[in-house]
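# Commentary on secondary and tertiary structure
For reference, the chains in residue letters:
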Amino acid sequence: MNTKYDPINRRDFIKSSGIAALSAAALEPRLAADQAPPTDTASLESALTEVLQSTKGAPSAASQATGATVVLTEGALDLSPAKWLWYPGDRTLPNTFVLFRRVLNLSEKPRKATGWIIGESRYQLEVNGRRIQWGPAPNDPRWPEVDPMDLTEALTKGENVLGATVLYFGQGDTTCPMSRAGFIFRLELEFADGRKELVVSDRSWRCHLSQAWKPGQHRMSFFRALQEEFDARLHPHGWNEKGFKENADWLEPHLPPCPANQPIFADPTRDVMNWISGPKKLIYGAEVRSKFELRPRPIPLMRETWVSAAPLIEQHRIRWKRPIAEYFDVRPPKAYEAEVTQAARPAGENAWRVELDPERGTTLTFALPEQSVGWPGITIEAPAGTTLELMTQDGHAVGGPALLNTTYHKWARFTCRDGVNHFRWFDFDCFRWLQVHLHPGRGTVVVSNPGILKREYPWPHEPRVITSDPVVQRVFDAATNSMRNTAQETFVDDMSRERNQYSGGMSLCRHAIHTLAGEDRQVARFLRSFSQGSTAEGYFMDTWPSHDRIARLGQRMLEATHCGAILDMGVRFPFECWDYYLYTGDLAPLREP
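Residues numbered from 1 in each chain as written. Predicted model: local features only at pLDDT ≥ 70, side-chain atom pairs only at ≥ 80, totals over all residues. Heavy atoms only, no water.

A word on the nonpolar core. Ranked by internal contacts, the top residues of the largest apolar core, which has 49 residues, are Ile380, Leu388, Leu390, Phe414, Phe423, Leu438 and Val445. Of all the elements in the fold, those that place two or more residues in this core are β1 (96–106), β18 (351–355), β19 (361–382), β20 (387–393), β21 (411–415), β23 (429–438) and β24 (444–456). In this structure Phe423 touches Phe230, Ala232, Pro376, Gly377, Ile378, Ile380, Leu388, Phe414, Thr415 and Cys416, once residues within four positions along its chain are discounted. Judged by nonpolar contacts, the second largest core, of 30 residues, contains Leu85, Ile117, Phe185 and Phe191. (Core = buried A, V, L, I, M, F, W, Y, C linked by side-chain atoms within 4.5 Å. Buried < 20%, exposed > 50% of the residue type's maximum accessible area, 1.4 Å probe, protein only. Helix = DSSP H or I, 4+ residues; strand = E, 2+ residues; numbered from the N terminus. Contact = heavy atoms within 4.5 Å.)

So, on to the layout of surface pockets. There is about 870 Å³ of room inside the second largest pocket. Secondary structure elements with two or more residues in the lining of the second largest pocket: β3 (122–127), β4 (130–135), β19 and β22 (419–424). Of all the elements, β22 adds the most residues to the lining of the second largest pocket, at five residues. For the lining of the second largest pocket, a count of residues per class yields 14 nonpolar, twelve polar and seven charged. (1 Å grid on protein atoms, 1.4 Å probe; cavity = no way out; pocket = protein on both sides within 12 Å on 5 of 7 lines; lining within 4 Å. Points joined across faces, edges and corners; volume = space filled by probe spheres on them. Nonpolar A, V, L, I, M, F, W, Y, C, P; charged D, E, K, R; others polar.)

Right, let's talk about the side chain of Asp147 for a bit. In this fold, Asp147 is placed in strand β5 (residues 145–150). Engagement of the side chain of Asp147 in a polar contact is seen with the side chain of Tyr123, the distance being 2.7 Å. Asp147 has contacts with Gly115, Trp116, Ile117, Tyr123, Gln133, Trp134, Gly135, Pro136, Arg297 and Leu301, leaving out every residue within four places of it along the chain. (Polar contact = N/O pair within 3.5 Å; in protein donor to acceptor, adjacent residues only side chain to side chain.)

Looking along the chain, the bond that leaves Gly135 and enters Pro136 is cis, with omega of -5 degrees. Each neighbour pair has its own omega, and for Trp544 with Pro545 the value is 5 degrees, a cis peptide bond. By the element assignment, Pro545 lies in the loop between α7 (521–531) and α8 (548–557). With a phi angle near 55 degrees, Trp275 is a residue other than glycine that sits in the positive phi range. Within the element layout of this structure, Trp275 appears in the loop between β10 (229–231) and β11 (282–283). For Trp275, a relative accessible area of 58% translates into the label exposed. Not every positive phi belongs to a glycine, and Lys334 is a case in point at roughly 55 degrees. For Lys334, the position within the fold is in the loop between α4 (324–330) and β16 (336–340). For Lys334, a relative accessible area of 74% translates into the label exposed.

Right, let's get into a nonpolar patch on the surface. A surface patch of nonpolar side chains, amounting to about 310 Å² of accessible area, comprises Val272, Met273 and Trp275. Looking at where Met273 falls in the secondary structure, it is placed in the loop between β10 and β11. The exposure class assigned to Met273 is partly exposed, which follows from its relative accessible area of 36%. (Patch = residues over 30% accessible without salt bridge, like charges linked within 9 Å, V, L, I, M, F, W, Y side chains within 5 Å. Areas by Shrake-Rupley, 256 points an atom, 1.4 Å probe, with all protein chains shown as cover. Salt bridge = Lys/Arg side-chain N within 4 Å of Asp/Glu carboxyl O.)

Taken together, the buried positions of α8 are Asp548, Arg549 and Arg552. Buried residues of α8, seen end-on, are gathered within an arc of 75 degrees and therefore sit on one face of the element. Tucked inside the fold, the buried residues of α8 contact β26 (500–501). (Arc of directions from axis to C-beta.)

The next thing to look at is the sheet that holds strand β6 (residues 158–168). Strand order in the open sheet formed by five strands is β4-β3-β6-β1-β9, with antiparallel pairing between adjacent strands. One side of each edge strand has no neighbouring strand; the edge strands of this open sheet are β4 and β9 (206–209). Ignoring which end each strand starts from, the neighbouring axes of this sheet average 20 degrees apart. Where β3 and β6 come together, six bridges link them in antiparallel fashion. Bridge pairing in β6 links Leu125 to Ala164. (Pairing = 2+ DSSP bridges. Axes fitted to C-alpha atoms, helices over the stretch in contact; angles between N-to-C directions.)

Here's what the structure looks like:
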């Protein structure tokens, strides 16, 4: 074997690197001597070899003792008899939204209703008009994690409506390397008398190609796939509630020929927009090692809480010198002139009345209590056709730029139907400042309840560091909030910009997650999801799962960037695996990495 050029697989890489890590780990032991793992090379190599060669997937003694549940590869899911669904047609444009609807009539309320759901690239599940959950977590498309769902409280006796809004990126995003369009759903109902019924995605569902979100919408930036524009006048309001009447725009879904135990990425038909089909047995004569499968989500669903943004900080009238659409598309210089004014008057609790100006736009700027991750939202009562941009930003100086569209084009555009409109970004963001820009127009609008549907990981213990020094306390509180914002389903560098998961950077927060938050599953998922970005040549993508480094490889070939894959990050990864073992004594989650 020519070790200089022959590739090394990630298991051998980490196995050899883990042995080398002993000398570094000895510098700072974290366990008492009587609890410490073996410190001689032979013992560690033997332990690692035993785990890597194991095929049973049994939890370690440490996991059994603590009651921790870490789902491994052997927990692959088969969602049969459910079928993968999508809108009928021979191509799907980028940023296409499809609404899936199923009416469910129940003779009695079930005592239990649990199951599994995933929509690629992103989905939002609602029952009888009530938001249930959003997902999935960022994943490698070869091994996507299917989300659990519990609809026990949401379902009632009589008519129920299951509604899923599914967004297909169709292009890379820093939370999605690549995907195929699809939706699959499996729900098991259990009744008081012991009867069980299955509700699955099949031809009984109906689907609608949204025109409120126009298919083919452009991306926000290199990092973000979706620049959202939504026209409420074109949306089938009430589609996810009881009593809705379907029209000719609701079609029987297409059933891609993909088994229910495989990700939609395994669809053997050709995706004409990306020119891919899968899975492959050989690539350029080499056997493909990846075995596609659906996996259960190994961490809890994110906790969602509404947080209001208050008070109203700034108001401006905007006189446009260039077309508004042009400004938000390309941001040309000297596109507007701003005047500080009192355009809004209080109209109740957390509400403001604005008289639209036919010649000028209007901005209202709000601040959250702290930097947060989630979905920015607002309520507006307005005449039909009233248009607004909802912008977010990390930082803003009062008296600075009148418009928050200062970096990364972080805005979504909404067009109102007549009356009350509740608008919320479909994809999440990280921000402190929130701004509404109302286009020039006529009539009165009432803007209310600006804020964020905050998302955060439900750690077993809320991390808190307390000191008597108020200045130092602010530092600790800011650091804890940064950990809350960056350590979610992935460990992210700059959640407001790129949302890339790195090894060796923000992953250092895992020490605090182990010790302050008392959470091991989140770290175990990081180890597995990052390791899936290893290449056939034996090195790691320094950020994964993400399209970033896939794109960077082509850019580097053309000498257009200095970025990725940064090998230093991959070199650090074996030490992160070793640290996990030191904290938990559990080798089982290291089987795949």
